[in-house]
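Below, each chain spelled out in residue letters.
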Amino acid sequence: QPFYYPEPISASSSQPMIQIPTFAQGGTWGGKKLGTSNLTMATSGCYVTALTMRLWNSSINLTPGEVVDKLNDVKAFLPSGEMTYDGVERAFPDMTFYVRQRTTNDPDNGAEQEIDAALKTVIRLLALGQPVILAVDLVPGNHQVPDHAVVAYDWLDLPGGKVDFKIHDPAFGD
């Protein structure tokens with residue numbers, strides 16, 4: 001039997017639905033390496049830092065430095081420094097990835113879903129109290145490959161049926 005998300009309610013109040021801390025990838029842990037690569041938390045640790053914020057919602061209250069240490073302990077990074085989903089599940093056995101949305105915004109990723117449908121899924125997860133890690137473009141002009149991770153913790157309904165997300169951005173610590 002399929003699982004149906006409840007219809008979302010607007011979260012455009014002044015109090016965010018989800019309370020999680022904000023971390024910057026370049027904090028005191030900024031020099032820590034991502035696996036055996038030459039990449040560090042400060043230069044490329046946005047996914048680890050976003051994961052850290054997401055973990056707090058599950059009462060796993062660690063710093064990004066502690067999270068990268070756990071990921072390194074289980075060899076959760078490829079030689080290139082990319083974090084793997086199965087590596088995250090090895091480091092945090094109580095965590096499981098149920099949904100990974102690939103959208104038509106990234107033409108090279110084997111898109112599975114139109115962006116509008118993916119946005120509705122994000123809103124439904126937020127309505128359920130689950131922060132969502134979003135892959136986004138950070139480098140100007142690089143519209144083909146999402147190169148940054150942020151954490152959505154709330155949303156705003158805008159005129160014309162549009163939506164905007166409230167995010168914590170590891171690159172800027174906000």
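Use the structure listed above.
To keep things clear, this report deals only with the structure shown in the data block. Because the structure is predicted, anything quoted here is derived from the model rather than measured.

## With respect to the overall build of the chain
And then number 1: A count of helices and strands for the chain gives five helices and three strands.
And then number 2: The order of helices and strands in the chain, counted from the N terminus, is α-α-α-α-α-β-β-β.
And then number 3: Classification of the 174 residues of the chain by burial places 34% in the buried group.
And then number 4: Residue pairs in contact within the chain that sit at least 24 positions apart in sequence constitute 49% of those at least 6 positions apart.
And then number 5: Taken as a whole, the chain presents about 10000 Å² of accessible surface, with 54% of it coming from carbon and sulfur.

## Digging into the pairing of strand 3 (residues 162-168)
And then number 1: Here strand 2 (residues 148-158) pairs with strand 3 via seven bridges, running antiparallel. Note that in strand 3 the partner of D157 across the bridge is V163.
And then number 2: Here strand 2 folds back onto strand 3, and the loop between the two strands holds three residues, one of which, G160, carries a positive phi near 80 degrees.

## Focus on the side chain of D169
And then number 1: For D169, the location among the structural elements is in the segment after strand 3.
And then number 2: Buried charge without a salt bridge: D169, with K166 as the nearest opposite-charge side chain at an N-O distance of 16 Å.

## Description of the sheet that holds strand 1 (residues 132-136)
And then number 1: Strand order in the open sheet made by the three strands is 1-2-3, with antiparallel pairing throughout. Where the open sheet ends on each side, the last strands, each with one partner, are strand 1 and strand 3. Here the average twist between neighbouring strands, direction ignored, is 60 degrees.
And then number 2: The sheet strands contacting helix 2 (residues 46-56) are strand 1, strand 2 and strand 3, and the helix crosses strand 2 at an angle near 55 degrees.

## Description of the environment of I60
And then number 1: Take I60: it is sitting in the loop between helix 2 and helix 3 (64-73).
And then number 2: The contacts of I60, once residues within four sequence positions are left out, are L55, F92 and M95.

## Overview of the pattern of salt bridges
And then number 1: If you walk through the whole model with that rule in mind, you get three salt bridges.
And then number 2: Between D69 and K32 there is a salt bridge; the shortest N-O distance is 2.8 Å. Separated by 37 residues along the polypeptide, D69 in helix 3 and K32 in the segment before helix 1 (41-44) bring together distant segments of the chain.
And then number 3: By relative accessible area, K32 is classed as partly exposed at 30%.
And then number 4: Its salt-bridge partner being K166, residue D154 comes within 4.0 Å of it at the nearest N-O pair. Residue D154 is located in strand 2, and its partner K166 is located in strand 3; the two are separated by twelve residues in the primary sequence.

## A look at the packing of aromatic side chains
And then number 1: Per the stated rule, a full pass over the model turns up two aromatic pairs.
And then number 2: With a centroid separation of 6.1 Å and an interplanar angle of 55 degrees, the aromatic rings of F23 and W56 are classed as tilted. In this pair, F23 is assigned in the segment before helix 1 and W56 in helix 2, connecting sequence segments 33 residues apart.
And then number 3: Every member of this aromatic cluster is reached through a ring pair, and the members are F23, W29 and W56.

## A closer look at the packing of helix 2 against helix 3
And then number 1: The N-to-C vectors of helix 2 and helix 3 enclose an angle of 105 degrees; their axes lie 9 Å apart at closest approach. By the angle between their axes, helix 2 is roughly perpendicular relative to helix 3. Contacts between helix 2 and helix 3 pair V48, T49, L51, T52 and L55 from the former with P64, V67, V68 and L71 from the latter.
And then number 2: Here the residues of the contact of helix 2 with helix 3 sort into seven nonpolar, two polar and no charged.

Parameters at a glance
Residues numbered from 1 in each chain as written. Predicted model: local features only at pLDDT ≥ 70, side-chain atom pairs only at ≥ 80, totals over all residues. Heavy atoms only, no water. Helix = DSSP H or I, 4+ residues; strand = E, 2+ residues; numbered from the N terminus. Buried < 20%, exposed > 50% of the residue type's maximum accessible area, 1.4 Å probe, protein only. Contact = heavy atoms within 4.5 Å. Areas by Shrake-Rupley, 256 points an atom, 1.4 Å probe, with all protein chains shown as cover. Pairing = 2+ DSSP bridges. Lys, Arg positive; Asp, Glu negative; His and termini not counted. Salt bridge = Lys/Arg side-chain N within 4 Å of Asp/Glu carboxyl O. Axes fitted to C-alpha atoms, helices over the stretch in contact; angles between N-to-C directions. Phe/Tyr/Trp six-rings, centres within 6.5 Å; stacked < 30°, edge-to-face > 60°. Parallel < 35°, antiparallel > 145°, perpendicular 65-115°, else oblique. Nonpolar A, V, L, I, M, F, W, Y, C, P; charged D, E, K, R; others polar.

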